[in-house]
Amino acid sequence: MESKNAKIVTCVAPVNIAVIKYWGKLDEELLIPLNDSLSGTLSTDFMRAKTTIMVSPTLQENKFWLNGKEQSFDNKRLDNCLKEIKRRANQELPILNWKLSICSENNFPTAAGLASSAAGYACLVSALAILYDIEGDISSIARRGSGSACRSMYGGWVHWCKGIKEDGLDSIAKQIAPASHWPEMRVLILVVSDGKKKYGSTEGMKRGVETSELITYRAQYVVPKRIEDISEAIKKRDFNTFAQITMQDSNQMHAICLDTYPPCVYMTNVSHAIAGLVHAYNSYKGSNKVAYTFDAGPNACLYLLEPEVEEFVSIVNYVFPPSDPQGYFQGMPLSMKDIPQDIK
Ligand code: ADP
Ligand code: DP6
Ligand code: CO
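Anyway, here's the lowdown on the structure attached to this text. The structure presented is a predicted model; accordingly, all values stated were derived computationally and were not measured.

What counts and what doesn't
- Residues numbered from 1 in each chain as written.
- Chains lettered and ligands numbered in written order.
- Predicted model: local features only at pLDDT ≥ 70, side-chain atom pairs only at ≥ 80, totals over all residues.
- Helix = DSSP H or I, 4+ residues; strand = E, 2+ residues; numbered from the N terminus.
- Rg over C-alpha atoms; globule rule 2.2 N^0.38 Å.
- Buried ≥ 20, exposed ≤ 12 C-beta atoms within 10 Å, placed from the backbone.
- Contact = placed C-beta atoms within 7 Å.
- Near = placed C-beta within 6 Å.
- Nonpolar A, V, L, I, M, F, W, Y, C, P; charged D, E, K, R; others polar.
- Axes fitted to C-alpha atoms, helices over the stretch in contact; angles between N-to-C directions.
- Parallel < 35°, antiparallel > 145°, perpendicular 65-115°, else oblique.
- Left-handed = near helix turned anticlockwise from the far one by under 90°.
- Pairing = 2+ DSSP bridges.

**Let's talk about the overall build of the protein chain**
Stage number 1. In terms of helices and strands, the protein chain carries eight helices and 15 strands.
Stage number 2. Expected size for 344 residues packed as a compact globule is a radius of gyration near 20 Å; at 20 Å, the protein chain falls within 12% of this value.
Stage number 3. Out of the 344 residues belonging to the protein chain, those deemed buried represent 45%.
Stage number 4. Taking all contacts inside the protein chain whose residues are at least 6 apart in sequence as the whole, residues at least 24 apart take part in 74%.

Printed below as a string of structure tokens:
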């Protein structure tokens, strides 16, 4: 018999950092992307969202808190996730009619181009799926909250296939390799600015679809081959090729942002200086040892292998002394986190 007591579930979900970027939607309502994308999911020991949801017959109204601040429940994406979860639930469950209290917090900057929407909606949908006993693929539900969230539903290396169905039910994420496949892989996050970005990813990519000619070219002619090539590089643990494709793809996404009108400028001088440092390091080493990638924000995500971490971190600390007021990048906060990528 179904209990009449409140039910509470807490989940954590990690961020993922795309190496082939999702940038542009085919369907704004269903969040179906223009192109496939591929990412690595980080460990929940580092950057993660944590969400607690309570359903109770005694709650008078739905409530939602994010990072300690109450948010409006009148939120289309939240609503779409809830509707889809409830559609897939057993319709006899009494809790379907109870009100919800959702409380979430991120342990890293929100809306700063560090994939908070990915961790946030992956976490929300995981918790809802447990509450309402949903089975089968739920990445297409997380996608309705934020496209990139579908990839955080799996660990390791994850491919989001854009799908061909109009209803988006085959626009889902699939793991192509677990983290254990490439155990030496590490991610460094260089926080250039932890502030909220000027224009969110949603707005930036929408404007890109409306005004950039490059975006269609990318989706049709560039991404399919890159997905194939980077999947192969991951399979073979070929870091040099993996790094080149990763950096080229980040640069292409930001080129599209500049091709957007009015342009979306996410990278700053510090971001470009970090990219320059990575190229200088790789050239000094004779092959690619570090790969940068930038989401819709100025912060750098660097992929590198464990043996490289110590030397590269000491060079970063030398070039960007975080506490040196005479430093070249005076006034630019630059803190750093070392994120081992041991994903379950
Ligand atoms: P980011 O680059 O951090 O992903 P976005 O602009 O894509 O930035 O998304 C930020 C938005 O994602 C937030 O304004 C909020 O609406 C949503 N979000 C972030 N974290 C969470 C969370 N833990 N739970 C629910 N929604 C979240
Ligand atoms: C640059 O998933 O945040 O991080 O689907 O509109 O919520 P919405 O956008 P979002 O976009 C992420 C864009 C990106 C690249 C990526 O993660 O693939
Ligand atoms: Co986002």
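**Some details on the site of ligand 1**
Stage number 1. Lining the immediate surroundings of ligand 1 are 23 residues, of which Ala49, Ser116, Ser117, Gly120 and Gly200 lie closest.
Stage number 2. Of all the secondary structure elements, the ones that give two or more residues to the shell around ligand 1 are β9 (99–106) and α2 (116–131).
Stage number 3. Of the residues forming the shell around ligand 1, the biggest block, seven residues, is contributed by α2.
Stage number 4. Class assignment of the residues belonging to the shell around ligand 1 gives a composition of 11 nonpolar, 11 polar and one charged.

**Focus on the site of ligand 2**
Stage number 1. Residues in contact with ligand 2 amount to 15 residues; listed here are only the nearest, Ala18, Ser146, Gly147, Ser148 and Thr202.
Stage number 2. Secondary structure elements with two or more residues in the shell around ligand 2: α2 and α4 (201–211).
Stage number 3. For the shell around ligand 2, the class distribution of residues is six nonpolar, seven polar and two charged.

**Describing unusual backbone geometry**
For residues that are not glycine, phi is negative in most cases, and the peptide bond is trans in most cases.
Stage number 1. The amide bond that connects Tyr261 to the next residue, Pro262, takes the cis arrangement and shows omega of -10°.
Stage number 2. Note on placement: Pro262 falls in the loop between α6 (239–259) and α7 (269–285).
Stage number 3. Positive phi is not limited to glycine here, since Leu31 has a value of about 55°.
Stage number 4. Mapping Leu31 onto the fold places it in the loop between β3 (25–27) and β4 (32–33).
Stage number 5. Despite not being glycine, Arg237 shows a phi value in the positive range, around 55°.
Stage number 6. The class for Arg237 is partly exposed, based on 14 C-beta atoms found within 10 Å.

**Side note on the packing of helix α5 (residues 214–236) against α6**
Stage number 1. Across the interface, α5 lies against α6 with an axial gap of 10 Å and an inter-helix angle of 165°. Taken together, the axes of α5 and α6 are roughly antiparallel relative to one another. Relative to α6, α5 is oriented so that their crossing is left-handed. Residue-level contacts link Leu214, Ile215, Arg218, Val222, Arg226, Asp229, Ile230, Ala233 and Ile234 of α5 to Thr241, Phe242, Ile245, Asp249, Gln252, Ala255, Ile256 and Asp259 of α6.
Stage number 2. Among the residues making up the contact of α5 with α6, the classes are represented as 10 nonpolar, two polar and five charged.

**Observations concerning the environment of Tyr318**
Stage number 1. With respect to the helices and strands, Tyr318 occurs in helix α8 (residues 306–319).
Stage number 2. C-alpha of Tyr318 to C-alpha of Lys198: the two residues are 120 residues apart in sequence and 30 Å apart in space.

**Quick look at the pairing of strand β14 (residues 300–305)**
Stage number 1. For β14, a buried count of five out of six residues is recorded, marking the element as mostly surrounded by other parts of the structure.
Stage number 2. Judged from the six bridges that link them, strand β12 (residues 185–191) and β14 form a sheet pairing that is antiparallel. Counterpart to Leu190 in the pairing with β14 is Ala300.
Stage number 3. Here five bridges tie strand β13 (residues 290–294) to β14, and the two strands are oriented antiparallel to one another. Counted as the bridge partner of Thr293 is Cys301 from β14.
Stage number 4. Counting the residues in the hairpin turn of β13 and β14 gives five residues.

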